[in-house]
Amino acid sequence: MWYPCLGGPSQPGYHWSMKTSRRPLMFAAALLLAACPFPGSAPAQAQVAAAAAPAAGLKVGDKAPAMKIGAWIKGDAVKEFKNDRVYVVEFWATWCGPCKRSIPHLTELQSKHKDKLTIIGVSVWENTAGSGMSQDAVEKKVRDFVAAQGAAMEYTVAVDDATSEMARSWLAAAGMNGIPAAFVIGKDGLVNWIGNPLGPDFDEALNKILDGSFDVKAEAKRRADEAARVERFNAAMAKVSTFQQEGKIKEAIESLEASMKDETDPQVKGALIRYKFNLLLMSDEPAAYALGRELLTGELKDSADELAQIGELISMTENLKTPDLALAVSMGERASEVTQGKNPTILIREVPFQVTRNDLCEQIGELVKSERIKDISGIRDESSARNGEPV
């Protein structure tokens with residue numbers, strides 16, 4: 001399971017609330033997945049962003065881009081994709097927590113499918129926040145990290161070059177703004193799948209690609225449909241953001257309502273409804289809570305993600321005059337009910353008040369003891385997002 005660690009409102013599909021919520025309001029399937037945002041210095045960001053939207057872009061079904069590597073750190077160099085093997089090109093960084101969590105599983109997959117699969121971990125974005133590291137220093141940093149991992153990182157590893165060519169031609173071209181990010185290349189040399197290697201759909205897709213049963217056309221359509229949803233959401237939010245920046249909250253809400261009226265996709269509509277709640281929460285709390293109670297038993301009663309996030313907005317937004325924590329609890333409980341108590345992130349969001357690090361650790365412990373959560377590996381990013389530090 002991922003939890004998004006996002007870079008801010010400039011990223012497609014993500015918008016900050018009005019400086020009171022601790023986290024951005026999110027829209028996308030990546031909502032429950034962890035990823036590290038592009039953290040580079042302003043010049044480096046501009047350099048990558050300039051190539052972020054090429055004429056055609058990189059999509060599922062396209063020919064895989066060339067492997068223009070700065071240095072090969074471990075394993076044999078892969079200069080071309082052979083037609084008798086499947087490849088996973090996974091982008092990561094030494095500073096990225098979720099990336100580190102993906103390493104053991106990638107090693108396991110490489111060992112399991114060594115006769116027909118090659119996994120290549122390409123380190124990117126190591127020269128972060130204007131650090132001024134030379135390419136030699138970057139390569140040494142990665143080499144030292146890989147050496148320290150030993151057999152735990154038993155697959156091919158490489159480093160992007162000084163011009164961030166791999167980040168541009170793969171990540172930016174595919175619209176991927178976070179890592180870890182994986183591209184599965186089929187025996188046909190085409191990109192068969194793009195996504196996060198920590199997600200459950202990665203293993204499912206990889207297994208089908210390996211046995212030849214994966215439907216690349218269906219996956220391409222799914223991603224195109226998802227991109228269209230994000231585009232519609234962003235178009236609606238562009239109008240709302242303009243009003244919001246001008247302090248015209250009433251007009252922003254009216255704009256949201258107009259977009260909601262025409263929207264038929266439940267994911268997009270749910271995200272728009274949630275943003276309306278956020279605007280009300282910061283301008284008219286009683287109206288926000290009234291809307292929340294309507295949503296709890298009405299339009300969003302079966303939308304676990306939306307209910308959980310609205311409940312969390314109530315509990316985690318600073319400077320509320322009369323936070324309706326009872327409503328937050330009810331939303332968390334309903335979200336847990338919808339997911340049958342099996343989603344760790346939903347369970348953690350049931351906590352209807354701001355918690356300290358120790359409080360959260362204790363609550364996670366109780367959930368594990370009760371067997372409502374059997375694996376806490378996916379919760380560490382959640383706790384960090386709440387408290388700014390790891391559990």
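This report concerns the structure included in the present document. (Residues numbered from 1 in each chain as written. Predicted model: local features only at pLDDT ≥ 70, side-chain atom pairs only at ≥ 80, totals over all residues. Heavy atoms only, no water.)

**A closer look at the nonpolar core**
Soluble globular proteins tend to pack their nonpolar side chains together in the buried interior.
1) Next: Counting 59 residues, the largest nonpolar core has Phe91, Ile179 and Phe183 as the members making the most contacts within it.
2) Next: Here this core gets six residues from one element, more than from any other, and that element is strand β5 (residues 86–92).
3) Next: Setting aside anything within four residues of it in sequence, one finds Phe91 in contact with Cys99, Val122, Val124, Met166, Trp170, Leu171, Ile179, Pro180, Ala181 and Phe183.
4) Next: Residues Leu256, Val268, Leu279 and Ala335 belong to the second largest nonpolar core, which totals 35 residues. (Core = buried A, V, L, I, M, F, W, Y, C linked by side-chain atoms within 4.5 Å. Buried < 20%, exposed > 50% of the residue type's maximum accessible area, 1.4 Å probe, protein only. Helix = DSSP H or I, 4+ residues; strand = E, 2+ residues; numbered from the N terminus. Contact = heavy atoms within 4.5 Å.)

**Some points on the state of the cysteines**
1) Next: Across all of its chains, the model carries one disulfide by this definition.
2) Next: Covalently, Cys96 is tied to Cys99 through a disulfide, its sulfur atoms 2.5 Å apart. Between Cys96 and Cys99, the disulfide has an S-S torsion of 75 degrees and is therefore right-handed. Just as Cys96 is buried, Cys99 falls in that class too. (Disulfide = S-S within 2.5 Å.)

**Structural notes on the pattern of salt bridges**
1) Next: This structure, assessed with the given rule, holds 20 salt bridges.
2) Next: Here Lys250 ties to Glu254 by a salt bridge, and the two come within 2.6 Å at their closest N and O atoms. Of this pair, Lys250 and Glu254 are both found in helix α7 (residues 249–262), four residues apart, which corresponds to roughly one turn of the helix.
3) Next: Asp302 serves as the salt-bridge partner of Arg334, at 2.5 Å between the closest nitrogen and oxygen. In this pair, Arg334 is assigned in helix α11 (residues 325–338) and Asp302 in the loop between α9 (285–297) and α10 (304–316), connecting sequence segments 32 residues apart.
4) Next: Looking at Asp302, the relative accessible area reads 47%, which means it is partly exposed.
5) Next: A single network of salt bridges, built from pairs that share partners, joins Lys301, Asp302, Arg334 and Glu337. (Salt bridge = Lys/Arg side-chain N within 4 Å of Asp/Glu carboxyl O.)

**Let's talk about the pairing of strand β10 (residues 191–195)**
1) Next: Among the five residues of β10, five are classified as buried, and the element is accordingly described as predominantly covered.
2) Next: As judged from the four bridges shared by strand β9 (residues 181–185) and β10, these two strands associate in the antiparallel manner. The residue bridging Ala182 from the neighbouring strand is Gly195, located in β10.
3) Next: A loop of five residues connects β9 with β10, the two strands running antiparallel in sequence, and Gly189 in this loop sits at a positive phi of about 80 degrees. (Pairing = 2+ DSSP bridges.)

**Quick look at the side chain of Asp324**
1) Next: Locating Asp324 in the fold gives a position in the loop between α10 and α11.
2) Next: One polar contact links Asp324 to Arg293, side chain to side chain, over a distance of 3.0 Å. (Polar contact = N/O pair within 3.5 Å; in protein donor to acceptor, adjacent residues only side chain to side chain.)

**As for the packing of helix α6 (residues 216–245) against α7**
1) Next: One way to put it is that α6 packs onto α7 with a least axis distance of 8 Å and a crossing angle of 170 degrees. Of the possible angle classes, the one that applies to α6 and α7 is roughly antiparallel. Here Ala236, Met237, Lys239, Val240, Phe243 and Gln244 of α6 come into contact with α7, specifically with Ile249, Glu251, Ala252, Ser255, Leu256 and Ser259.
2) Next: When grouped by side-chain class, the residues that make up the contact of α6 with α7 number seven nonpolar, three polar and two charged. (Axes fitted to C-alpha atoms, helices over the stretch in contact; angles between N-to-C directions. Parallel < 35°, antiparallel > 145°, perpendicular 65-115°, else oblique. Nonpolar A, V, L, I, M, F, W, Y, C, P; charged D, E, K, R; others polar.)

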